[in-house]
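Each chain, letter by letter, is given below.
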Amino acid sequence: MYEVTIIKSFSAAHMLMAVGGKCEELHGHNFKVEATVTAENLNSSGILVDFRNVKEWLQEILDKLDHKHLNEFPSFLGKNPSSENIALYIYNEMKLKARQAELKVARVKVWESENAAVTYIEND
Ligand SMILES: [Zn+2]
């Protein structure tokens with residue numbers, strides 16, 4: 001089993017409902033996102049996937065979130081745009097892109113600060 005991880009970042013604002021405290025006020029984060037794709041076997045070039053492809057996929061997804069007020073982003077309407085839900089959203093979007101290359105997405109980790117991260121991992 002091999003894994004390839006790409007790290008990128010984006011900046012966005014959100015306000016979290018019903019969590020109490022300062023997080024309910026509008027505020028922003030510089031989110032760091034780690035996306036990991038996985039496969040059992042390497043391709044004929046001896047690699048899992050070209051890093052550039054995974055970077056491109058993640059960049060396309062994050063470009064849609066960058067500098068947005070996440071509460072108004074269509075995928076989060078009626079949901080808290082928490083790091084948990086952001087991780088799930090990115091995971092699902094990555095899954096669609098990775099599927100075309102016959103790869104699985106192992107996990108997506110979203111860092112909302114240097115010391116706090118959330119990871120979404122799908123149960124098999
Ligand atoms: Zn926040």
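Residues numbered from 1 in each chain as written. Predicted model: local features only at pLDDT ≥ 70, side-chain atom pairs only at ≥ 80, totals over all residues. Heavy atoms only, no water.

*Asks:* Before we go on, may I ask you to explain the overall build of the protein chain in this structure?
*Replies:* In terms of helices and strands, the protein chain carries two helices and four strands. Tracing the protein chain from N to C terminus, the helices and strands come up as β-β-α-α-β-β. The C-alpha radius of gyration computed for the protein chain amounts to 15 Å, which stays within 12% of the reference 14 Å derived for 124 residues, consistent with globular compactness. In the protein chain, the share of contacts with a sequence separation of at least 24, taken over all contacts with a separation of at least 6, comes to 64%. (Helix = DSSP H or I, 4+ residues; strand = E, 2+ residues; numbered from the N terminus. Rg over C-alpha atoms; globule rule 2.2 N^0.38 Å. Contact = heavy atoms within 4.5 Å.)

*Asks:* When you look at the packing of aromatic side chains in this model, what are you seeing that I'm missing?
*Replies:* Two aromatic rings are characterised by how far apart their centres lie and by the angle between their planes. Throughout the structure, instances matching the rule amount to five aromatic pairs. When the centroid spacing of 5.8 Å and the interplanar angle of 40 degrees are considered together, the rings of F73 and F76 count as tilted. Comparing F73 with F76 shows no difference in burial state: the two are buried. Members of the aromatic cluster, joined through ring pairs, are F73, F76 and Y89. The residue whose ring lies beneath K32 is W111, and the NZ or CZ to ring-centre distance is 5.2 Å. (Phe/Tyr/Trp six-rings, centres within 6.5 Å; stacked < 30°, edge-to-face > 60°. Buried < 20%, exposed > 50% of the residue type's maximum accessible area, 1.4 Å probe, protein only. Lys NZ or Arg CZ within 6 Å of the ring centre and 35° of its normal.)

*Asks:* Help me out: how do you make sense of the coordination of the zinc ion in this one?
*Replies:* Each donor-metal-donor angle in an ideal tetrahedron of four donors is 109.5 degrees, and each such angle in an ideal octahedron of six donors is either 90 or 180 degrees. The protein atoms that coordinate the zinc ion are H14 (NE2), H27 (NE2) and H29 (NE2), at distances spanning 2.0 Å. Of note, the zinc ion draws all its donor residues from one chain, in the sequence arrangement H-x12-H-x1-H. Among the residues examined, H27 registers a relative accessible area of 22% and is labelled partly exposed. (Donors = N, O, S within 2.8 Å, 3.2 Å for Na, K, Ca; no water.)

*Asks:* Help me out: how do you make sense of the sheet that holds strand β4 (residues 116–120) in this one?
*Replies:* To summarise the sheet geometry, strands pair through backbone hydrogen bonds and adopt either a parallel or an antiparallel arrangement. An order of β1-β2-β3-β4 is seen for the four strands of this open sheet, with the pairing classed as antiparallel. Strands at the two margins of the open sheet, each flanked by one partner only, are β1 (2–14) and β4. Within this sheet the neighbouring strands show an average axis-to-axis angle of 20 degrees, counted without direction. Looking at chain direction, β1 and strand β2 (residues 27–39) are connected through 13 bridges and run antiparallel. Looking across to β2, one finds that F10 is bridged to F31. Along the sheet face, helix α1 (residues 51–65) touches β1 and β2 and points at about 15 degrees away from the line of β1. (Pairing = 2+ DSSP bridges. Axes fitted to C-alpha atoms, helices over the stretch in contact; angles between N-to-C directions.)

*Asks:* What is the right way to look at the nonpolar core in this model?
*Replies:* Soluble, globular proteins show a tendency: their nonpolar side chains are buried together. Ranked by internal contacts, the top residues of the largest apolar core, which has 31 residues, are V37, L65, I90, M94 and V108. Contributing elements (two or more residues each) for this core: β1, β2, α1, α2 (83–100) and β3 (104–113). The dominant element in this core, judged by the number of residues it contributes, is α2, at seven residues. Other than its neighbours up to four places away in sequence, V108 contacts V33, E34, A35, A87, I90, Y91, V118, T119 and Y120. (Core = buried A, V, L, I, M, F, W, Y, C linked by side-chain atoms within 4.5 Å.)

*Asks:* Help me understand unusual backbone geometry, please; the structure alone is not making it clear to me.
*Replies:* Glycine aside, the phi torsion of most residues is negative, and most peptide linkages are trans. With a phi close to 60 degrees, H67 is a non-glycine residue in the positive phi region. Checked against the element boundaries, H67 lands in the loop between α1 and α2. Take H67: its relative accessible area is 65%, and that puts it in the exposed class. Unlike most non-glycine residues, E102 shows phi in positive territory, near 60 degrees. When you line up the elements, E102 lands in the loop between α2 and β3. Given the relative accessible area of 72%, E102 is considered exposed.

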